[in-house]
Amino acid sequence: MTQAISTVSRARHSLAPWARITALAVCALLTLGPVIWTVSTSLRTPAESFDLPPKIIPTSPTVESYRGVFDQIDVWLLALNSTLVTGLIAVGQMITAGLAGYAFARLEFRFKKPLFALVLATMMVPLQVTIVPVFLVLKSMSLTDTLLGLIIPAFPTAFGTFLMRQYFLGMPKDLGEAAMLDGCGPWRIFRSVYAPLAAPGLAIVGVLAFNYHWNEFFRPLILETSAQNYTLPLGLVSLQGNLGTGSISVVLAGVVLSMIPAVAVFVVGQRPLREGITSAGVNR
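Since this is a predicted model, take the numbers as computed values, not measurements. (Residues numbered from 1 in each chain as written. Predicted model: local features only at pLDDT ≥ 70, side-chain atom pairs only at ≥ 80, totals over all residues. Heavy atoms only, no water.)

K.L.:
Sorry if this is basic, but what is going on with the pattern of salt bridges here?
P.N.:
Two side chains that carry opposite charge are able to pair once their charged atoms sit near each other. Summed over the entire model, instances satisfying the criterion amount to three salt bridges. As a salt-bridge pair, Glu 64 and Arg 67 come within 2.5 Å of each other at their nearest N and O atoms. Taken as a pair, Glu 64 and Arg 67 lie in helix H2 (residues 64–72) at a separation of three residues, close to a single helical turn. By relative accessible area, which is 45% here, Glu 64 ends up partly exposed. (Salt bridge = Lys/Arg side-chain N within 4 Å of Asp/Glu carboxyl O. Helix = DSSP H or I, 4+ residues; strand = E, 2+ residues; numbered from the N terminus. Buried < 20%, exposed > 50% of the residue type's maximum accessible area, 1.4 Å probe, protein only.)

K.L.:
Explain the nonpolar core to me, please; I cannot follow it from the model alone.
P.N.:
Nonpolar side chains tend to gather and get buried jointly when the protein is soluble and globular. With 18 residues, the main nonpolar core has Tyr 102, Met 164, Phe 168, Met 171, Ile 189, Tyr 194 and Ala 198 as its most contacted residues. The dominant element in this core, judged by the number of residues it contributes, is helix H9 (residues 186–197), at five residues. Discounting residues that sit within four places of it in the chain, Phe 168 has contacts with Gly 98, Gly 101, Tyr 102, Ala 105, Arg 106, Phe 190, Tyr 194 and Ala 198. Phe 210, Ala 253, Val 256 and Ala 262 belong to the second largest nonpolar core, which has 15 residues in total. (Core = buried A, V, L, I, M, F, W, Y, C linked by side-chain atoms within 4.5 Å. Contact = heavy atoms within 4.5 Å.)

K.L.:
Would you take a moment to explain unusual backbone geometry for this structure?
P.N.:
For residues that are not glycine, phi is negative in most cases, and the peptide bond is trans in most cases. Unlike most non-glycine residues, Phe 111 shows phi in positive territory, near 60°. Take Phe 111: it is sitting in the loop between helix H3 (75–106) and helix H4 (112–121). With a phi angle near 60°, Ser 142 is a residue other than glycine that sits in the positive phi range. Among the secondary structure elements, Ser 142 is positioned in the loop between helix H5 (127–140) and helix H6 (147–151).

K.L.:
For this particular structure, what's the right way to read helix H10 (residues 199–214)?
P.N.:
Given 3.6 residues per helical turn, the α-helix brings residues three or four places apart onto the same face. In a regular helix each residue adds 1.5 Å, so 16 residues correspond to 22 Å; H10 covers 22 Å between its end C-alpha atoms and thus fits that length. Buried residues of H10: Gly 201, Leu 202, Ile 204, Val 205, Gly 206, Val 207, Ala 209, Phe 210, Asn 211, His 213 and Trp 214, and no others. (Expected span 1.5 Å × (residues − 1).)

K.L.:
Teacher, can you tell me more about empty space enclosed by the protein here?
P.N.:
Vacant regions in the atomic arrangement are exposed by a probe of water-molecule size rolled over the atoms. Here the structure, examined in full by the defined rule, presents one cavity of 30 Å³ or more. The space that makes up the largest cavity amounts to roughly 50 Å³. Taken together, Ser 82, Val 85, Leu 150, His 213, Trp 214, Glu 216, Arg 219, Pro 220, Thr 231 and Pro 233 make up the full set of residues lining the largest cavity. Only H3, H10 and helix H11 (218–223) provide two or more residues apiece to the lining of the largest cavity. (1 Å grid on protein atoms, 1.4 Å probe; cavity = no way out; pocket = protein on both sides within 12 Å on 5 of 7 lines; lining within 4 Å. Points joined across faces, edges and corners; volume = space filled by probe spheres on them.)

K.L.:
Before we go on, may I ask you to explain the UniProt feature "transmembrane region" (unreviewed entry) in the chain in this structure?
P.N.:
Those residues carrying the UniProt feature "transmembrane region" (unreviewed entry) are residues 21–40, 75–103, 115–138, 150–168, 189–214 and 248–269 in this numbering. Between the end C-alpha atoms of residues 150–168 the distance is 29 Å, and the span holds 68% helix and 0% strand. Between the end C-alpha atoms of residues 248–269 there is a gap of 32 Å, over a span that is 95% helix and 0% strand. (UniProt positions renumbered as here; feature names shortened; annotations may be inferred.)

K.L.:
Just to check I follow, could you spell out a nonpolar patch on the surface for this structure?
P.N.:
On the surface, Leu 32, Ile 36, Ile 56 and Ile 57 cluster together into a nonpolar patch covering about 410 Å² of accessible area. Structurally, Leu 32 can be placed in helix H1 (residues 2–42). By relative accessible area, which is 46% here, Leu 32 ends up partly exposed. (Patch = residues over 30% accessible without salt bridge, like charges linked within 9 Å, V, L, I, M, F, W, Y side chains within 5 Å. Areas by Shrake-Rupley, 256 points an atom, 1.4 Å probe, with all protein chains shown as cover.)

K.L.:
Sorry if this is basic, but what is going on with the layout of surface pockets here?
P.N.:
The computed volume of the largest pocket comes to approximately 970 Å³. Considering the residues around the largest pocket, the lining is formed by 30 residues, among which Thr 122, Pro 153, Pro 156, Thr 157 and Ala 158 are closest to the centre. Every element with two or more residues in the lining of the largest pocket is listed here: H3, H5, helix H7 (158–169), H10 and H11. By residue class, the composition of the lining of the largest pocket is 20 nonpolar, eight polar and two charged. Its boundaries defined by the atoms lining it, the second largest pocket holds a volume of some 230 Å³. Along the wall of the second largest pocket there are 15 residues; nearest its centre are Tyr 102, Arg 106, Gly 176, Met 180 and Tyr 194. Contributions of two or more residues to the lining of the second largest pocket are made by H3, helix H8 (173–181) and H9. Considering every element that reaches the lining of the second largest pocket, the biggest residue donor is H8, with four residues. Considered class by class, the residues forming the lining of the second largest pocket number eight nonpolar, two polar and five charged. (Nonpolar A, V, L, I, M, F, W, Y, C, P; charged D, E, K, R; others polar.)

Now the structure itself:
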């Protein structure tokens with residue numbers, strides 16, 4: 001009896017890794033399937049893109065669709081606008097999240113907890129609710145239809161503030177107390193002691209901000225009216241006209257081009273993103 005139980009137990013243990021691998025493979029296929037189909041279709045001819053059943057590997061791969069994207073829209077201008085907007089937003093959110101997170105974690109002031117609760121409450125307010133007052137404020141400041149109008153309102157980040165607060169709470173208080181005994185003030189302690197240690201957490205905020213705002217469509221659609229101020233997702237809308245002519249490959253080629261920078265930033269920042277999120281909620 002004992003030998004039978006031992007045999008069953010070994011069989012379960014031997015099957016467990018294969019079951020996990022199979023489940024992960026299925027999830028990966030479901031996740032990457034649309035991406036693979038998009039890249040594959042962008043390399044097909046317009047006629048081949050409507051083949052049924054669709055083929056994963058194009059019969060005659062071609063890059064004509066990518067040339068069509070560059071012919072129809074100013075990809076370089078759109079990419080430059082998106083890079084400026086997302087890059088400055090990422091840097092701005094790293095600064096504001098670092099300062100606010102440090103203040104809520106290490107400084108003592110009146111109404112600290114209610115203010116932090118208010119910051120977290122803003123995460124539950126949809127962007128569509130606040131876009132009208134934001135638009136009116138920007139219009140009164142003559143910032144509508146400008147890149148600054150996209151950048152400045154995106155500097156505050158409730159999630160980044162929460163993340164950095166948890167990150168700073170996980171750092172030893174002894175470091176700040178030792179610096180205080182040496183005569184350092186709150187700003188010097190933050191700049192020289194805690195900020196360098198929080199670099200992985202700040203990298204998380206920057207990577208997440210870049211990937212989110214690179215693909216952002218709603219705010220540019222509302223705030224920008226001149227084509228010279230369009231970001232890449234907004235500029236790709238003009239490719240929809242190809243759907244009427246059957247050139248779906250051109251549309252998907254534009255989508256693939258827009259994915260490349262976001263994927264590159266995510267791949268480069270994947271390690272600090274994973275390690276920082278794991279350690280953010282651990283108090284040492």
